Amino acid sequence: MNDDVVLELRDVKVHFSTDEGTVKAVDGVSFSMTRGKTMGLVGESGCGKSVTSQAILRLVPANGKISGAILLNRDGQEPVDIGALDNHSQDIRDIRGKDISMIFQEPMTSFSPLYTMGNQLMETILLHQTPDKSAARTQAVEMLRKVGIADPARRIDEYPHEFSGGMRQRVMIAMALSCSPEILIADEPTTALDVTIQAQVLELMQELQKDFGMSILFITHDLGVVAEMCDEVCVMYLGKIVEKAPVEEIFHNPRHPYTQGLLESIPKIGHKTEGDLKSIEGVVPVPINLKPGCGFCDRCEHKIEGLCDTYNVPTAEVAPGHWARCFLYPEVVEAHNKAVGGEE
Amino acid sequence: MLQFIAKRFLIMIPTILVISFLAFWIIQLPPGDFLTSYVAQLEEMGDTIDPQVIENLREEYGLDDPFLVQYWKWISGIVFRGDFGYSFENNMRVSMLINERLYLTIIVSLFTMVFTYAVAIPIGIYSATHQYSIGDYTATFFGFVGMATPNFLLALVLMYVAFVWTGNSLVGLFSPEYIDAPWSWGKFVDMMKHILVPVVVIGTAGTAGLLRVMRGQLLDELRKQYVITARAKGVGERTLLWKYPVRASLNPIVSTIGWSLTGIFSGSTITAIVLNLPTQGPVMYNALKSQDMYLAGGFLFILAILTVVGTLISDILLAWLDPRIRVGKEA
Ligand SMILES: Nc1ncnc2c1ncn2[C@@H]1O[C@H](COP(=O)(O)OP(=O)(O)O)[C@@H](O)[C@H]1O
Ligand SMILES: [Mg+2]
C-alpha cells in the first residue's frame, strides 16, 4: 500500500435490511485519502454520505451490513482492514477516537447533558492515552485552549447546556483531536451553525490540520464549503460515487450532470445571477428495489435512452485524476463495452 | 445544591399546612359525625342512650364548634403536643393507633418499592437492549398480565399457592406467636417470610408499569446522538450503556418516586384487607366508614406528609442526577 494513502475504501457496501426490503444505502464506494489532505464527500441529503462515514468506524445501525475493504494505513504499521473487524472487537475500539475520530452535525445532541464537558473530553484521553486523571485533565484543558475556548480551566467543569452551539462544536473538535488521530471524519460539522460561526469553525479546522497533520474526510452538501476546505472531492449520488476529482477540476470542469446541477444551484460571487438559481428537479429516492441503470437518469437532462436506463454505469478516468460514472463520456462507454464483452 | 434543598424544605411547610387543612375539611364533609352515626347504629339495634350523655360528649369533643375552631384545636394539638386527638371507635388515642400501624405500613411500602425497582429496572434495560428478542416479548407479556391482574385476585392465588407449598397461608405480617411480641431476630425473620406475598401482590402492577416506562425511555435514549459520539470515541458497549443512556432514562423514573409512594399507600388497601395486613389501609377504611374523624384525619395527614417528603426526595435525587435542573435552580 502506498505510504501516502492513509485510508482506502474498496467497493464498500452498506445494505440495510428493512421490512420493505434491502436498502442499498452505500453501494460500491471506492476512494482513497491522502495523508494530511482533505477529501470532500458531497451530495444531497439522503445519498449515503453519513452511512459511508459510519461504515469507516463500523458505527452503522444494527440492521446494516458492511462489506468490502476499508484499509487503514497507520504510520509505520501494517495496514488493517476495518471491513473485516467485528463491531464490538477491542481492535475497532482502539481505532475509534484514537486513529480515526469523528465529529457530527448536531453540536446540541452530540454531548450527553448529564456530564461535564471535561468528563466527556477526558474520557477519550483516559481510554487511549493515559490512565492518570490529572494528566488527562491537563491535556484536556490544553486542547480546549487550542480550539479557542476562553478560560478553559474553569469551563472544563461546565455542562454542555452552558455552551453555545459554536462553542460546543469547538469542544467536539477538541475531543476528536485529543489523541492526535490520523483521520478526522467531519459529518456536516457546520451545517447546524450560523454562517459567521460556520466560518470560524472552518478556519479553526484548517489551522488545526496544519498543527496536527491529520487527514480530513469532510462531508457536506454545501459546495461553497468544499471549495474552501478540500483538496479532492467525491460526489455521491444514491449510494455511489459518480465523480471524483481534485477540487479545481470539480469546479472548473465538472463532468457528471449531477455535479453540474449541484454547481448551478449555488450562487457565484462576482457573477450576477440572472433570474433564479437553477436547481435539480426531483429528490434523491430511497435506494430500495432499484432498477439497473444510472441512479440519476430520471432527473438527468442528458439521459441516453436504452443506455442510461438499462445498464449499470462503470466509472472511468475521463481526464488525468478525474473519474466519472456517466455514459456521456467515451471512456465510460468503452469501459462498459469491455465489461459487457467480457461477460459474453 | 444545599441551597436548593433548603429552599425545597421551606416550600414544604406551607404545602403541608394547606394539605392538613384540606384533609380536615374533607373528613368533615359527609353529613353528620361519629356520634350521630353511632347513635343511629344503637337505635337500629333497639338500644337507647341518654341524650344528656351524648350532649356531654359533643361538648367534650367540641363537635359543635365552628369548623375553624375545630381545625385549630386539631392542628395545634398535632403541632405543639404531638396529639392527634381521640379515636371514638377504638377508644384510644389516635397517636397510639397510628404508631402501631404506621411503621409497618412504611416497611411494607418500602419493601414494595425496592421490589418494584429491583425487578423493573434490570428487566427494562434487558428488554430495551434486546428489543424484539424472545426475552423482550416474554417480559412484555408478563408485564401486561401483571398490570391487568387485580391485586385481590393475585393475593388469593398467592395465598393458595403458599398454602399448598408451605401448609401456611402466610396471611398477615406475623405468625400468631409474634403478633404482640417485642421485636427480636425471630420476629424479623418471621416478618420477612410473610412480607413476600404482600410485596409481590402490591408491587406487581407497579413493576409492570415501570418496566414499560424504563424500556421506552431507554429505547429513546439509545437512539440519541450522544450514544454514537461515545461509541465513536472507543467507549466499550457496557460502560457506555450504564454511563449514558441508562442514567438518562432513570430521570423520569426517579422524578415519580414521590407519587409511586402514594400509589402504594392507597393502592394497597384492598390487598391489606384480603391479606389481613396490620397496615394503615384497613384502619383508615373503617375510620372513614364510621366517621371516626380524628383517626381518618390523622392518617390522611401523615400519608400526605410522607408523600410530600417522597416528592422532596425525588427532587433531590433528580437534581443530583441531572445537572440542568441543579444549575437552573441555583442560577
Ligand atoms: N438504519 C437504516 N435503515 C434503513 N435505511 C437507512 C438506515 N440509515 C440510513 N438509511 C438510508 O440510507 C440512505 C442514506 O442515508 P445517509 O447516509 O444518512 O444520507 P446523507 O447523505 O444525507 O448523510 C437514506 O436513504 C436513508 O434512508
Ligand atoms: Mg448525513
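Scroll up to find the structure this text is about.
Reference entry: report on the structure contained in this document.

1. Some remarks on the pairing of strand 7 (residues 183–187) of chain A
All names here are of chain A.
So, point 1. Burial analysis of strand 7 places five of its five residues in the buried class, which makes it a mostly covered element.
So, point 2. Side chains of strand 7 alternate between two faces, with Ile183, Ile185 and Asp187 and Leu184 and Ala186 buried alike.
So, point 3. Sheet topology note: the strand 7/strand 8 (residues 215–220) ladder contains five bridges and is parallel. Paired with Ala186 across the strands is Phe218, a residue of strand 8.
So, point 4. Regarding the hand of the β-α-β motif, the stretch spanning strand 7, helix 7 (residues 195–212) and strand 8 is right-handed.

2. Notes on the sheet that holds strand 1 (residues 5–18) of chain A
All names here are of chain A.
So, point 1. Spatially, four strands are ordered 2-1-4-5 in an open sheet, and the strand pairing comes out antiparallel. In this open sheet, the two edge strands, each paired with only one partner strand, are strand 2 (21–34) and strand 5 (80–81).
So, point 2. Pairing analysis gives eight bridges linking strand 1 to strand 4 (residues 64–72), with the strands arranged antiparallel. What sits directly across from Phe16, in strand 4, is Gly64.
So, point 3. Those strands touched by helix 1 (residues 49–56) are strand 1, strand 2 and strand 4, and its axis lies near 115° from that of strand 1.

3. Describing the interface of chain B and chain A
So, point 1. Facing 22 residues of chain B, the contacting portion of chain A comprises 26 residues.
So, point 2. Buried surface at the junction of chain B and chain A, both sides included, amounts to about 2,200 Å², of which 62% is carbon and sulfur.
So, point 3. When the buried surface of chain B facing chain A is broken down by residue, Ala232(B), Lys233(B) and Lys243(B) rank first, second and third, together holding 26% of it.
So, point 4. Counting across the chain B and chain A interface gives two salt bridges.
So, point 5. At the junction of chain B and chain A, the tally comes to 11 residue pairs in polar contact (both at pLDDT 80 or more).
So, point 6. Elements with a contribution of two residues or more to the side of chain B that touches chain A: helix 9 (225–232), helix 10 (237–254) and helix 15 (323–330) of chain B.

4. Examining helix 9 of chain B
So, point 1. All buried positions along helix 9 of chain B are accounted for by Tyr226(B), Val227(B), Thr229(B), Ala230(B) and Ala232(B).
So, point 2. Where the residues of helix 9 of chain B are buried, they touch strand 6 (100–103) and helix 6 (165–177) of chain A together with helix 8 (185–222) and helix 10 of chain B.
So, point 3. Just beyond helix 9 of chain B, the residue with positive phi is Gly234(B), at close to 100°.

Each value, and the rule that gives it
Residues numbered from 1 in each chain as written. Chains lettered and ligands numbered in written order. Predicted model: local features only at pLDDT ≥ 70, side-chain atom pairs only at ≥ 80, totals over all residues. Heavy atoms only, no water. Buried < 20%, exposed > 50% of the residue type's maximum accessible area, 1.4 Å probe, protein only. Helix = DSSP H or I, 4+ residues; strand = E, 2+ residues; numbered from the N terminus. Pairing = 2+ DSSP bridges. Right-handed = clockwise from strand over helix to strand, strands pointing away. Contact = heavy atoms within 4.5 Å. Axes fitted to C-alpha atoms, helices over the stretch in contact; angles between N-to-C directions. Buried area = accessible area lost by both parts, 1.4 Å probe. Salt bridge = Lys/Arg side-chain N within 4 Å of Asp/Glu carboxyl O. Polar contact = N/O pair within 3.5 Å; in protein donor to acceptor, adjacent residues only side chain to side chain.

Interpretation note: all reported values are geometric properties and have no functional meaning in isolation.
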